[in-house]
Amino acid sequence: MTPDPLDKLSAQLFAAAREEAPPEGAEERALLAIKRELSGRSKARVVPLFGSPVRRLLMVALLASVAIAVGVALTRDGEQQASIRPEKLLPEAPAPKVERAIGTTLEPAPAPRPAVPAVRPVTGQVRPRAMPPSMQDELLALKEAQTALSSSDAPAALRALDRYDHVLKGKMLRAEASVLRIEALALGGQSDAASALATRFVEENPSSPSVDRVRTFIKSK
Amino acid sequence: MSQRSIESFVSQHYAFVWRIVRGLGLTPSDAEDAAQQVLMIATRKLDSIAEDRERSFLYGTAVRVANNARRSVRRRREVPEDDSDTAPSSDQSPEQRSELTNARALLHDLMGQMPEKLRRVLLLAEVEELELRAIADLEGIPHGTAASRLRLARERFKKLLLAENHRNPYAREA
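The notes below deal with the structure included here. (Residues numbered from 1 in each chain as written. Chains lettered and ligands numbered in written order. Predicted model: local features only at pLDDT ≥ 70, side-chain atom pairs only at ≥ 80, totals over all residues. Heavy atoms only, no water.)

### Focus on the overall build of chain A
1) Next: When helices and strands are tallied, chain A shows 9 helices and 0 strands.
2) Next: When the helices and strands of chain A are placed in sequence order, the string is α-α-α-α-α-α-α-α-α.
3) Next: Put simply, chain A has 221 residues, and 36% of those count as buried.
4) Next: A separation threshold of at least 6 residues defines the contact pool for chain A, and within that pool the share at least 24 residues apart is 58%. (Helix = DSSP H or I, 4+ residues; strand = E, 2+ residues; numbered from the N terminus. Buried < 20%, exposed > 50% of the residue type's maximum accessible area, 1.4 Å probe, protein only. Contact = heavy atoms within 4.5 Å.)

### Describing helix H2 (residues 28-45) of chain B
1) Next: Taking 1.5 Å as the rise per residue, H2(B) with 18 residues should run 26 Å; its terminal C-alpha atoms sit 26 Å apart, in good agreement.
2) Next: For H2(B), the buried fraction is high: 14 of the 18 residues fall into the buried class. (Expected span 1.5 Å × (residues − 1).)

### Side note on empty space enclosed by the protein
1) Next: For the structure shown, the criterion picks out 1 cavity of 30 Å³ or more.
2) Next: Estimates place the volume of the largest cavity at around 100 Å³.
3) Next: Lining the largest cavity are A:Ala17, A:Glu20, B:Trp18, B:Arg19, B:Arg22, B:Gly23, B:Leu107, B:His108, B:Met111, B:Leu123 and B:Val127.
4) Next: At the level of elements, helix H1 (3-23), helix H4 (94-112) and helix H5 (116-127) of chain B are the ones that each hand at least two residues to the lining of the largest cavity.
5) Next: In terms of residue count, H1(B) provides more of the lining of the largest cavity than any other element does, 4 residues in total. (1 Å grid on protein atoms, 1.4 Å probe; cavity = no way out; pocket = protein on both sides within 12 Å on 5 of 7 lines; lining within 4 Å. Points joined across faces, edges and corners; volume = space filled by probe spheres on them.)

### Focus on the environment of B:Ala31
All names here are of chain B.
1) Next: Here Ala31 shows up in helix H2.
2) Next: Given a relative accessible area of 0%, Ala31 falls into the buried group.
3) Next: Ignoring sequence-local partners within four residues, the contact set of Ala31 consists of Trp18, Val21, Arg22 and Leu26.

### Points about the packing of H4(B) against helix H7 (residues 143-164) of chain B
The description of two helices packed together rests on the angle between their axes and the distance between the axes.
Residue and element names in this part refer to chain B.
1) Next: For the pair H4 and H7, the least separation of the axes is 10 Å and the interaxial angle reads 125°. The pairing of H4 with H7 is recorded here as oblique in orientation. The two elements H4 and H7 cross, and the hand of that crossing is right-handed. Where H4 approaches H7, its residues Leu106, Leu107, Leu110 and Met111 are matched on the opposing element by Phe157, Leu160, Leu161 and Glu164.
2) Next: Looking at the contact of H4 with H7, its residues break down into 7 nonpolar, no polar and 1 charged. (Axes fitted to C-alpha atoms, helices over the stretch in contact; angles between N-to-C directions. Parallel < 35°, antiparallel > 145°, perpendicular 65-115°, else oblique. Left-handed = near helix turned anticlockwise from the far one by under 90°. Nonpolar A, V, L, I, M, F, W, Y, C, P; charged D, E, K, R; others polar.)

### Thoughts on unusual backbone geometry
1) Next: Although it is not a glycine, B:Glu129 adopts a positive phi angle of roughly 55°.
2) Next: With respect to the helices and strands, the residue B:Glu129 is situated in the loop between H5 and helix H6 (132-139).

### Examining the packing of H5(B) against H6(B)
Residues and elements named next belong to chain B.
1) Next: Packing of H5 against H6 leaves a shortest axis separation of 10 Å and a crossing angle of 140°. The pairing of H5 with H6 is recorded here as oblique in orientation. Every pair of crossing elements has a handedness; the one defined by H5 and H6 is right-handed. Contact with H5, carried on its side by Arg120, Val121, Leu124 and Ala125, involves Ile135, Leu138 and Glu139 of H6 and no other residues of that element.
2) Next: Tallied by class, residues from the contact of H5 with H6 come to 5 nonpolar, no polar and 2 charged.

### Observations regarding the nonpolar core
1) Next: Residues A:Leu13 and B:Phe157 are the most contacted members of the largest nonpolar core, which totals 64 residues.
2) Next: Here the element with the most residues in this core is H1(B); it accounts for 9 residues.
3) Next: Leaving out residues up to four positions away in the same chain, A:Leu13 has contacts with B:Ala103, B:Leu106, B:Leu107, B:Leu110, B:Phe157, B:Leu161, B:Asn168 and B:Tyr170.
4) Next: Counting residues in each nonpolar core, the second largest holds 32 residues, with A:Ala141, A:Leu142, A:Ala184 and A:Leu187 among its members. (Core = buried A, V, L, I, M, F, W, Y, C linked by side-chain atoms within 4.5 Å.)

### Notes on the pattern of salt bridges
1) Next: Scanning the model with the defined rule gives 21 salt bridges over all chains in all.
2) Next: Between A:Arg181 and A:Asp162 there is a salt bridge, with the nearest N and O atoms lying 3.0 Å from each other. Taken as a pair, A:Arg181 in helix H7 (residues 174-187) and A:Asp162 in helix H6 (residues 154-168) lie far apart in primary sequence, 19 residues in all.
3) Next: By relative accessible area, which is 16% here, A:Arg181 ends up buried.
4) Next: For A:Asp162, a relative accessible area of 32% gives the class partly exposed.
5) Next: Each member of the salt-bridge network shares a partner with another, and the members are B:Arg70, B:Glu116, B:Arg120, B:Glu139 and B:Arg149. (Salt bridge = Lys/Arg side-chain N within 4 Å of Asp/Glu carboxyl O.)

### Some words on the interface of chain A and chain B
1) Next: Between chain A and chain B, the contact holds 31 residues from the first and 45 residues from the second.
2) Next: Of the roughly 3,600 Å² buried between chain A and chain B, counting both surfaces, carbon and sulfur atoms make up 65%.
3) Next: Contact with chain B buries surface across chain A, with A:Leu13, A:Phe14 and A:Glu20 losing the most and accounting together for 21% of the total.
4) Next: At the surface where chain A touches chain B, the tally comes to 5 salt bridges.
5) Next: Where A:Arg29 meets B:Glu32, a salt bridge forms, and the shortest distance between an N and an O atom there is 2.6 Å. (Buried area = accessible area lost by both parts, 1.4 Å probe.)

Keep in mind that these numbers describe shape and distance, not what the molecule does.
Rendered as structure tokens:
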């Protein structure tokens, strides 16, 4: 009996399917995502933003030099720095109440809020400026967000990223800021918002090295 | 579950899960997402899955996830994604790669025209090369039903291939 040539062709098509391998690194990415998932939402980050040891060292060196420079500047004209610091950079501080302005002289005067906090947070170094922010400024702002994420403090991370977006108006590390925001939203339980932002990120940054990591935040519909 | 056993679980089953979801009509990258989802679901429930039922659980989950993903893909895309983003073998010439890509595209088109139940048994028999007993087990159907479905699936596939054989890169060689 002559074998049916269609059987051979079918077999060749199925063999082509058998030989097909998953995209490169797919298994590793899956494992990474699973480990992150299992380690709990509070540890939802997959890979640190400044991942490799070399980049981490560079970051530390960079941050140290920025801290020294800022420290020197603060020592020289600390009062001046404090006076030009806009109030909107201190969202944690309560806004002055109207009653203070119309209060009687019998009332004890409210304790003045110190112009500069005793322990000045890193965020205090991010100031609005006429000139565009430097790479160091942007790195510093994102480092703060990353530090907050590392401590599982999603609200603080989101505040730092808001400052990056709206006060610093960072441009150079916008993609990295988006990745951190996605992680912060996911960490804070806003998985729908994280998914939406991740979807947009993947569409707008298809060649970003973070795209695979970001894709893990996209919910399947 | 220890990290080591998660690694071995993923390593042991990843390719199987990926091939199943891919064979059920997802593009390579959608198959990657789906495979990840399947394994994530499985690892969450692993403590309650008997060791000899792992593959069965994964298969059932993969079928469900692939069906959901296909519906989702249909909603969000009008133009299907390129099918050629799987890892190429380094010893393939561009012609061979093109031939394989065309063959896989044709296979997916043909499989896509088949009823879901027939498609699944054909996938298990021809791509996974499983025996009828294993197919029946994974599908949760009697052995006889699996045999008749497979026979029907092969007949249906051949008819579809006959109609589309002009696209078959191997037919041009023959």
